[in-house]
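Residue-level structure breakdown
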Amino acid sequence: MDYFTKRYHAPGTAPGTLMPTAEEAGSGFRITLIDYTESDLREVELATTKQCKDFLSRPSVTWIHIEGYAAPDTLRDLGTLFGLHPLALEDVMNVGQRPKAEAYDDQLFVIMSLPVIHTDDISVEQVSLFHGDNFVISFHQGEVDPFEEVRKRLRVAGSGIRKRGADFLLYTLLDVVIDTGFPVLEYFGELIEDLEDELLETPTTRTLKRLHHYKRELLLLRRMLWPQRDVLNTIMRSDHHLVHEDTILYLRDCYDHTIQIMELLESYRDMTTGMLDVYLSSASNRMNETMRVLTVIATVFIPLTFIAGVYGMNFNTGKSPWSMPELNWYYGYPVVWLVMIVVAVGLLLYFKRKGWF
């Protein structure tokens, strides 16, 4: 996950400007529309947003989902048809926005962060939602549609979603986005558990790199998911006429889920911080063990070096009887070796008794 993910226009650009990047200009998108009542459902894939106009006058709930990159013309057409605010459309195009909820006179605009697991990484994708009197418009620029399960529930006649209004559909989509955090954190928990085992058994520099990587991912994940609690709190306390009292009860459940996710995130962050302390302590202990062994070896060889140094002096034994007379002993050489061995073994036994190694 990158540190900076927000897309923005050049400073000085007029507010509400819809300007694609060179990479996005050639990418495509898919528009799906589901129009439903309690007894009827129609699901179509649209070629252009102008085809949505036929459903505006119906007394049903209309859900329009745009998967992929929505071109500026597409956003402008939707803005004209549904009266969407230009600043909100700009936030839809410039992905990487902080999660937020904004209330207008006749609609709600919500931005959420959707965590996604890749092969060896985690990314956060933006989900944008517009909620009007009888419609919900959702945008997602990821590769996989996160709302397929919602479609399956809508296809079931008499399902709870079809019995309620557009505000309950908004809650359902918010619930999917928020609950996606649980499998992501479960995946993180497994990674941290494996890393903890590796840390206690055979920690290496690779372990430290993985630990820093996980800490960084958790930090960025927290930065993108933490505001979602405030988003739900804003919707519940806004007293907007589009959100009914019975739906607020369900939104409270979403709010509880955001708290649980943040608690898990904080727990994992504390665990990785503690694991870093364990790694540093383990590295320090290994260094101390190494220094202890080297110190024992050096201490054993100090007297041996002294003995070898004394008898390495080239005094002429023929000039004086005091010039190392033991050099002329018949057993002088074996005696020196015996003394050196006794000294070395004695020191090792002393160190062992003291528990120094």
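Residues numbered from 1 in each chain as written. Predicted model: local features only at pLDDT ≥ 70, side-chain atom pairs only at ≥ 80, totals over all residues. Heavy atoms only, no water.

Here we have seven strands laid out as an open sheet, ordered S2-S1-S3-S7-S6-S5-S4, and mixed in their pairing. Either end of the sheet is taken by a strand with one partner, and the two such strands are strand S2 (41–46) and strand S4 (100–103). For this sheet, the mean inter-axis angle between neighbouring strands, taken without regard to orientation, is 15°. In this structure, strand S1 (residues 29–36) lies alongside strand S3 (residues 61–68), joined through eight bridges in antiparallel fashion. Residue Arg30 lies in a different strand from S3, and its bridge partner there is Glu67. (Pairing = 2+ DSSP bridges. Helix = DSSP H or I, 4+ residues; strand = E, 2+ residues; numbered from the N terminus. Axes fitted to C-alpha atoms, helices over the stretch in contact; angles between N-to-C directions.)

Within strand S7 (residues 135–140), six of the six residues are buried, which leaves it mostly tucked inside the rest of the structure. Every second residue of S7 is oriented toward a common face, with Phe135, Ile137 and Phe139 on one face and Val136, Ser138 and His140 on the other, all of them buried. Bridge count between strand S6 (residues 122–131) and S7: five bridges; the pairing is antiparallel. Bridge pairing links His131 to Val136 in S7. (Buried < 20%, exposed > 50% of the residue type's maximum accessible area, 1.4 Å probe, protein only.)

On the surface, Met287, Met291, Val293, Leu294, Ile297 and Phe301 cluster together into a nonpolar patch covering about 580 Å² of accessible area. Take Met291: it is sitting in helix H9 (residues 245–310). (Patch = residues over 30% accessible without salt bridge, like charges linked within 9 Å, V, L, I, M, F, W, Y side chains within 5 Å. Areas by Shrake-Rupley, 256 points an atom, 1.4 Å probe, with all protein chains shown as cover. Salt bridge = Lys/Arg side-chain N within 4 Å of Asp/Glu carboxyl O.)

All of the buried residues along helix H2 (residues 72–82) are Pro72, Thr74, Leu75, Leu78, Gly79 and Phe82. Along the axis of H2, the buried residues cluster in a sector spanning 160°; they form a single face. Exposed side chains of H2 directed beyond 90 degrees from the buried face belong to Asp73 and Thr80. Of the surrounding elements, those touching the buried residues of H2 are S1, S3, helix H3 (86–93) and S7. The positive-phi residue at the C-terminal boundary of H2 is Gly83, with phi of around 65°. (Arc of directions from axis to C-beta. Contact = heavy atoms within 4.5 Å.)

Now for the pairing of S3. The element S3 is largely enclosed, with a buried count of eight among its eight residues. Both S3 and S7 contribute to a ladder of six bridges, which runs parallel. Along S7, the bridge assignment pairs Thr62 with Phe135.

The next subject is the packing of helix H6 (residues 181–201) against helix H7 (residues 205–225). Relative to each other, H6 and H7 sit at 155°, their axes nearing to 11 Å. The orientation of H6 relative to H7 falls into the category roughly antiparallel. Relative to H7, the crossing made by H6 is left-handed. Along its contact with H6, which presents Val184, Leu185, Phe188, Leu191, Ile192, Leu195, Glu198 and Leu199, the element H7 presents Arg206, Thr207, Arg210, Leu211, Tyr214, Glu217, Leu218 and Leu221. Looking at side-chain class alone, the contact of H6 with H7 contains 11 nonpolar, one polar and four charged residues. (Parallel < 35°, antiparallel > 145°, perpendicular 65-115°, else oblique. Left-handed = near helix turned anticlockwise from the far one by under 90°. Nonpolar A, V, L, I, M, F, W, Y, C, P; charged D, E, K, R; others polar.)

One pass over the structure, following the stated rule, counts 17 salt bridges. Ionic pairing is found between Arg216 and Glu217, a salt bridge with its closest N-O pair at 3.8 Å. You can call Glu217 buried: its relative accessible area is 2%. Shared partners join several salt bridges into a network, and the residues in it are Glu43, Asp145, Glu148, Arg151 and Arg155.

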